[in-house]
Each structure stands twice: as C-alpha cells, then as structure tokens.
Amino acid sequence: TCGYHYQLPGEDTKTSFPTHETPLYKNLLVTARPDVVVIEFGTNYIGQEKIIPADVAQIFASIQDAQEQLVISTLIKCYWIGPPASKKFGKKVDAASALIKKAVESNPNVPCNYFNSADPKVTRFVGTDPAGIHYHGEAGKQMSEHWATKAFDWIYSSLNAASEP
C-alpha cells in the first residue's frame, strides 16, 4: 500500500501513516538520530517526473537540517533505492530512475548513493499483477527477496568500504 512507514531502533512496532501523508523528515531524523538513512519510494514516482527534483531536494534539505540541529560531526550516510522493474511501465520506470539518480547525485550537501533496482541483475517483473507493478505470488516473493538481498548487500558493502582505513 502507499503511505509512509518507519521503525525506530530498539522498538518492536512499526509506525505507519495513512496513504500519502508523510511526516516531516527533519523531525523524524532528529528523534531517531540515525547513522544511516535508506530512502525508497518504489514505483510511487512513476508518472511524477515534474515533482522528482523538488521532492528529492526537500528530503535532502531535511537531512541537512537534522545534521545541523544535532551538531553531529559525521554525515548521516544516505542510500536511495530506485524503483524496481515493471512489466507495464518499463519506460516510465527508466525515466523516473534517471531523474531520481540525477537529483540524488547532484546534491552537494548530502552525499547519497543511488541503487538502480530496475537493473535486470536486480529485478525483472515476474508477478501476476495486471497493473504490472506489484510482485505477487511465489515468484514475486522470490524476486522481492532477491531484490532485498541485492539492496542490503550493496548498502552493507558500501558501509564496510567506508569504515576501512
């Protein structure tokens, strides 16, 4: 479902907001004080190309404001996960991915790495969803697990590389 979900470290429950109601990132970042932020909007940006640059800039401004408010000496590590492959909206996924990647990589104040979920080595649409977006059934579950493993391994290797002297 659409919406916004997060879980703070040390808590067993996930907090969810109704569809399209997103809290201010800065407040959440100041409360949670994360070392790492992972952002993933999935296919919600498909067809929303006009808002992507401003949306990405607003999220990065919130991260930067939180870092300044917390007076932390090291930057919050940022990882942006792009939308996965889609059977019906492949070209729109590619267009949204390119815009997100450009906006993410061109922000000088919050260094953030971009993960291309639509890469055929990461996802290919195998679900039975007529909309061509949702990964249903056993094959969809397996592809989702493959995607999650690829994304986690990418973040993990990046964090380990950053911690080496």
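Residues numbered from 1 in each chain as written. Predicted model: local features only at pLDDT ≥ 70, side-chain atom pairs only at ≥ 80, totals over all residues. Heavy atoms only, no water.

Asks: Mind showing me how you'd approach the overall build of the protein here?
Replies: Looking only at helices and strands, the protein has four helices and five strands in total. Secondary structure elements of the protein, listed N to C terminal, follow the sequence β-β-α-β-α-β-α-β-α. Within the protein, the proportion of its 165 residues that are buried is 33%. Restricting to contacts in the protein with at least 6 residues of sequence separation, those with at least 24 account for 64%. (Helix = DSSP H or I, 4+ residues; strand = E, 2+ residues; numbered from the N terminus. Buried < 20%, exposed > 50% of the residue type's maximum accessible area, 1.4 Å probe, protein only. Contact = heavy atoms within 4.5 Å.)

Asks: How should the pairing of strand β5 (residues 112-115) be read in this particular structure?
Replies: Consecutive residues of a regular strand have side chains that alternate between opposite faces of the sheet. Relative to β5, strand β4 (residues 77-81) runs parallel, the two sharing four bridges. Across the sheet, the residue bridging to Trp 80 is Tyr 114, located in β5. Once the chain exits β4 it traverses helix α3 (residues 90-105) before rejoining the sheet at β5, and the crossover so formed is right-handed. (Pairing = 2+ DSSP bridges. Right-handed = clockwise from strand over helix to strand, strands pointing away.)

Asks: Explanation requested: helix α1 (residues 25-32) in the structure shown.
Replies: What α1 keeps buried is the set Tyr 25, Leu 28 and Leu 29. All buried residues of α1 project into a common sector of 100 degrees when viewed along the axis, lining one side. Phi turns positive, to about 50 degrees, at Arg 33, one or two residues after α1. (Arc of directions from axis to C-beta.)

Asks: How should I be thinking about α3 in this particular structure?
Replies: It helps to recall that an α-helix has 3.6 residues per turn; residues three or four apart then point in one direction. Under the 1.5 Å per step criterion, the end-to-end length of α3 is 22 Å for 16 residues, consistent within 8% with the ideal 22 Å. As for α3, its buried residues are in contact with α2 (52-70), β4 and β5. (Expected span 1.5 Å × (residues − 1).)

Asks: Would you explain the pairing of strand β3 (residues 36-40) in this entry?
Replies: What you see with β3 is a clean split: Val 37 and Ile 39 sit on the buried side and Val 36, Val 38 and Glu 40 on the side with no burial. Judged from the five bridges that link them, β3 and β4 form a sheet pairing that is parallel. Note that in β4 the partner of Val 37 across the bridge is Cys 78.

Asks: Explain the packing of aromatic side chains to me, please; I cannot follow it from the model alone.
Replies: Both the distance between ring centres and the angle between the ring planes are used here to describe each pair of aromatic rings. By the definition in use, this model includes four aromatic pairs. Three or more aromatic residues link up through ring pairs in this structure, and these residues are Tyr 79, Phe 115 and Trp 154. (Phe/Tyr/Trp six-rings, centres within 6.5 Å; stacked < 30°, edge-to-face > 60°.)

Asks: Can you help me understand the sheet that holds β5 in this one?
Replies: Whether parallel or antiparallel, the strands of a sheet pair through hydrogen bonds between backbone atoms. Spatial strand order, β3-β4-β5: three strands in an open sheet with parallel pairing. The open sheet has two edge strands, β3 and β5, and neither has a second partner. Ignoring which end each strand starts from, the neighbouring axes of this sheet average 20 degrees apart. Sheet strands touched by α2: β3, β4 and β5. Its angle to β4, the strand with the most contacts, is close to 160 degrees. Of the strands in this sheet, β4 and β5 are in contact with α3, which crosses β5 at around 165 degrees. (Axes fitted to C-alpha atoms, helices over the stretch in contact; angles between N-to-C directions.)

Asks: I would appreciate a short explanation of the packing of α1 against α2 in the present structure.
Replies: For any two helices packed against each other, the geometry comes down to the angle between their axes and how far apart the axes lie. Here α1 crosses α2 at 40 degrees, and the two axes come no closer than 8 Å. Between α1 and α2 the crossing geometry is right-handed. Taken together, the residues of α2 that come into contact with α1 (itself represented by Tyr 25, Lys 26, Leu 29 and Val 30) are Ile 59, Ser 62, Ile 63, Asp 65, Ala 66, Gln 69 and Leu 70. The residue inventory of the contact of α1 with α2, partitioned by class, reads seven nonpolar, two polar and two charged. (Left-handed = near helix turned anticlockwise from the far one by under 90°. Nonpolar A, V, L, I, M, F, W, Y, C, P; charged D, E, K, R; others polar.)

Nothing here speaks to function; it is all geometry.
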